[in-house]
Structures are given as C-alpha cells and as structure tokens.
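For reference, the chains in residue letters:
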Protein chains: 2
Amino acid sequence: MSSCLFCKILEKNIPTDFVYEDEHVAAFLDIRPTKKGHVLVIPKKHSDTFLKTDPEILSHVVHGVQKVAHAAVMALGADGCNISVNNGEAAGQVIFHLHWHIIPRTADDGLVNWPHTSYQDGEAKEIAEKIRKFL
Amino acid sequence: MSSCLFCKILEKNIPTDFVYEDEHVAAFLDIRPTKKGHVLVIPKKHSDTFLKTDPEILSHVVHGVQKVAHAAVMALGADGCNISVNNGEAAGQVIFHLHWHIIPRTADDGLVNWPHTSYQDGEAKEIAEKIRKFL
C-alpha cells in the first residue's frame, strides 16, 4: 500500500466520496471543507507539488478541474467558485500529492479574500526585473 | 481600444510591470499585491472566467503559471506559493478577464488560510451524488 494518503484514496483503500474519475484524474469531496461541496481534484500519477508536476499532467488536471468546478457550482446552486493550489508547507499544503481545491461560493457567504498591500516607488520594477531573470 | 482592463494591458496602453510573455499568455505584477511579487497570469485571448475558457487555452495558461510561479518563488526566495483563480463576483473576481494569481509565501508570513467546517452524517454522500449528476 502506498504511504501517500491520496494514493491510498486512489487505490480505494479509504472510504471517499468520489465525484469524478477518468484516465488521468480523480475528484472527491474534501473531508474538511471550507464550504459544503468543496472538492479536490488530483492527478492519478503521484506528484508532490504543482511546481514539480509534468506539464502534460497539469493539462489533464486543469481540464478535470474545469469540468468538476462547473458541476460543483451547478449542483450547489453557487454564484461562483474559488480554485486554488497550495504549493509547499508555507503555503498551507498538508498532503504532498498535488491537489486543486474547488470551493463553491455564494454572495455574502462570509469568506473574506486576502488583504492587499502596495509597492513603494520603484519597488515593483525591481521585483519584476528579479522575476524576469528566472524566466 | 478594448474596454477590458487586461486587454488594454495586453495592448500596452497602460504602464505595467510585465514578467513574462509568449504566444498565448502574459504575466505581470498585481498592482495591489497580497504579498510582494504577487503575479497575475492571463491568456492573450480574452475570456471572462475560468469556467467559460476554451480547455486548450487553459492548458497554455497553466503551463505559463507553472513557469512564472517557479520564477517568482526563486526570485523572492520564497518557501512556496499559492496559485488561485476567482470565478465570479461572489468568489472575489473583480476583472472579468481570466487571471491566475501567484502569491509567493514564506513560513509565518501572517497570511491565514480559510477555516474548515465538517459534514453531518450522510450529508457528504448527498452532496457528492448531486455533483456527480452534472458530470
């Protein structure tokens, strides 16, 4: 048996509320949902994080995410949804098998998006230049 | 001139700190960053939301997101990053041209991920069944 929780789920060794499955991806309810109907979409081939994933697999997963997000919004009668991936412990990733969160949202449901800050003069240009050096 | 802010940015009609551009996507600093180095990645072909976007374009964008996220993490010396898309006003979408947020994160940087709730007995099965009906 795999030591990865999501690989165990894929091996059907753990009771799971699946909503979708195809050759490349699977989707199931998060057992600790931010909102009811919060779904996780994962690649069947294990990959620790988004950054380490084969781009071809990312294509399969993002197509699955689109299908499942549409279905979750329709099923829950939601007004929209947030789609997110946490990369690394510092970003809140707990299970190290790539997973995309789909969180159905309704207007005034109480969830608050993160706050914003601003750049000082010249700071944005410097940061953009730093990032470009890695591209 | 387009009426869409991000289309105007693509037409280079607005001063913007670009970090990446290829045939299909462009990436630039968010002017109201959640964290310094917060980058937006957008498709060049206009699409209002993630759910309405041609799957082939989603593939291009997700590949761009991976490249740019790697660069942003490296450039900022970050420990990880969050990647997210807000679909619809209820989910916090403000500009209706598909955009992916990349937010570099460091351990203990003060951002708090959303809280969790739980399902009552049988509720998760019911919701999963509802979602499956749309797939």
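Basis of the calculations
Residues numbered from 1 in each chain as written. Chains lettered and ligands numbered in written order. Predicted model: local features only at pLDDT ≥ 70, side-chain atom pairs only at ≥ 80, totals over all residues. Heavy atoms only, no water. Contact = heavy atoms within 4.5 Å. Buried area = accessible area lost by both parts, 1.4 Å probe. Salt bridge = Lys/Arg side-chain N within 4 Å of Asp/Glu carboxyl O. Polar contact = N/O pair within 3.5 Å; in protein donor to acceptor, adjacent residues only side chain to side chain. Helix = DSSP H or I, 4+ residues; strand = E, 2+ residues; numbered from the N terminus. Nonpolar A, V, L, I, M, F, W, Y, C, P; charged D, E, K, R; others polar. Axes fitted to C-alpha atoms, helices over the stretch in contact; angles between N-to-C directions. Parallel < 35°, antiparallel > 145°, perpendicular 65-115°, else oblique. Left-handed = near helix turned anticlockwise from the far one by under 90°. Phe/Tyr/Trp six-rings, centres within 6.5 Å; stacked < 30°, edge-to-face > 60°. Buried < 20%, exposed > 50% of the residue type's maximum accessible area, 1.4 Å probe, protein only. Lys NZ or Arg CZ within 6 Å of the ring centre and 35° of its normal. Pairing = 2+ DSSP bridges.

1. Observations concerning the interface of chain A and chain B
Between chain A and chain B, the contact holds 73 residues from the first and 73 residues from the second. Here chain A meets chain B over a buried area of about 6,100 Å², counting both sides, of which 65% is carbon and sulfur. Our count for the contact surface shared by chain A and chain B stands at four salt bridges. For Glu-123 of chain A, the salt bridge identified is with Lys-36 of chain B, shortest N-O distance 2.9 Å. One can count 39 residue pairs in polar contact (both at pLDDT 80 or more) joining chain A with chain B. The element that contributes the greatest number of residues to the side of chain A that touches chain B is helix H2 (residues 55–76) of chain A, accounting for 18 residues. A breakdown of the residues in the side of chain A that touches chain B according to their chemical character gives 40 nonpolar, 19 polar and 14 charged.

2. Describing the packing of H2 of chain A against helix H2 (residues 55–76) of chain B
Angle between the axes and distance between the axes: these two values describe a pair of packed helices. Contact pair H2 of chain A / H2 of chain B: the axes reach a minimum separation of 9 Å and the direction vectors enclose 125°. The angle between H2 of chain A and H2 of chain B falls in the class oblique. Between H2 of chain A and H2 of chain B lies a crossing whose hand is right-handed. Of H2 of chain B, the residues touching H2 of chain A (which contributes Pro-55, Glu-56, Leu-58, Ser-59, Val-62, His-63 and Gln-66 of chain A) are Pro-55, Glu-56, Leu-58, Ser-59, Val-62, His-63 and Gln-66 of chain B. Taken together, the residues that form the contact of H2 of chain A with H2 of chain B break down as six nonpolar, six polar and two charged.

3. Considering the packing of aromatic side chains
Aromatic ring pairs are reported here in terms of the distance separating the ring centres and the angle at which the planes meet. Applying the stated criterion across every chain, the model contains seven aromatic pairs over all chains. Judged by centre distance (5.9 Å) and plane angle (75°), the rings of Phe-18 of chain A and Phe-28 of chain A are edge-to-face. Here Phe-18 of chain A, found in strand S1 (residues 18–21), pairs with Phe-28 of chain A, found in strand S2 (residues 25–29); they are ten residues apart in sequence, far enough to count as distant. On the accessibility criterion, Phe-18 of chain A (15% relative accessible area) is buried. The exposure class assigned to Phe-28 of chain A is buried, which follows from its relative accessible area of 3%. Members of the aromatic cluster, joined through ring pairs, are Phe-50 and Trp-100 of chain A together with Phe-50 and Trp-100 of chain B. Lying over the aromatic face of Phe-18 of chain A, Lys-12 of chain A brings its terminal NZ or CZ to 4.9 Å of the ring centre.

4. Comments concerning the side chain of Thr-53 of chain B
Position of Thr-53 of chain B among the secondary structure elements: in the loop between strand S3 (39–43) and H2. Residue classification places Thr-53 of chain B among the buried positions, given a relative accessible area of 4%. A distance of 2.7 Å separates the side chain of Thr-53 of chain B from the side chain of Ser-47 of chain B, its partner in a polar contact. Leaving out residues up to four positions away in the same chain, Thr-53 of chain B has contacts with Gln-66 of chain A together with Ser-47, Leu-58 and Leu-98 of chain B.

5. Notes on the packing of H2 of chain A against helix H3 (residues 123–132) of chain B
Between H2 of chain A and H3 of chain B, whose axes approach to 8 Å, the crossing angle comes to 115°. Crossing angle aside, the handedness with which H2 of chain A passes H3 of chain B is right-handed. Residues Ala-71, Ala-72, Ala-75 and Leu-76 of chain A of H2 of chain A form the contact with H3 of chain B, whose own contacting residues are Ile-127, Lys-130 and Ile-131 of chain B. Considered class by class, the residues forming the contact of H2 of chain A with H3 of chain B number six nonpolar, no polar and one charged.

6. As for the pairing of S2 of chain A
Residues and elements named next belong to chain A. In terms of burial, S2 is largely enclosed, as five of its five residues are buried. Burial of S2 is two-sided: the residues Val-25, Ala-27 and Leu-29 facing one way and the residues Ala-26 and Phe-28 facing the other way are all buried. Summarising the sheet, S1 and S2 pair through three bridges and their orientation is antiparallel. Across the sheet, residue Phe-18 finds its bridge partner in S2, namely Phe-28. Between S1 and S2, which pair antiparallel one after the other, the connecting turn spans three residues.

7. Here's the deal with the sheet that holds strand S5 (residues 100–105) of chain B
Spatially, S1(A)-S2(A)-S3(A)-S5(A)-S4(A)-S4(B)-S5(B)-S3(B)-S2(B)-S1(B) is the arrangement adopted by the ten strands of the open sheet, whose pairing is antiparallel. Strand pairing shows two members of the sheet lacking a second neighbour, S1 of chain A together with strand S1 (18–21) of chain B, which therefore form its edges. The mean inter-strand angle of the sheet, taken between neighbouring strand axes irrespective of direction, is 20°. Note: strand S2 (residues 25–29) of chain B against S3 of chain B, five bridges, orientation antiparallel. Pairing of Leu-29 of chain B across the sheet is with Val-39 of chain B, part of S3 of chain B. Running over the sheet, H2 of chain B touches strand S5 (100–105) of chain A together with S1, S2, S3, strand S4 (80–87) and S5 of chain B and is turned about 20° from S5 of chain B.

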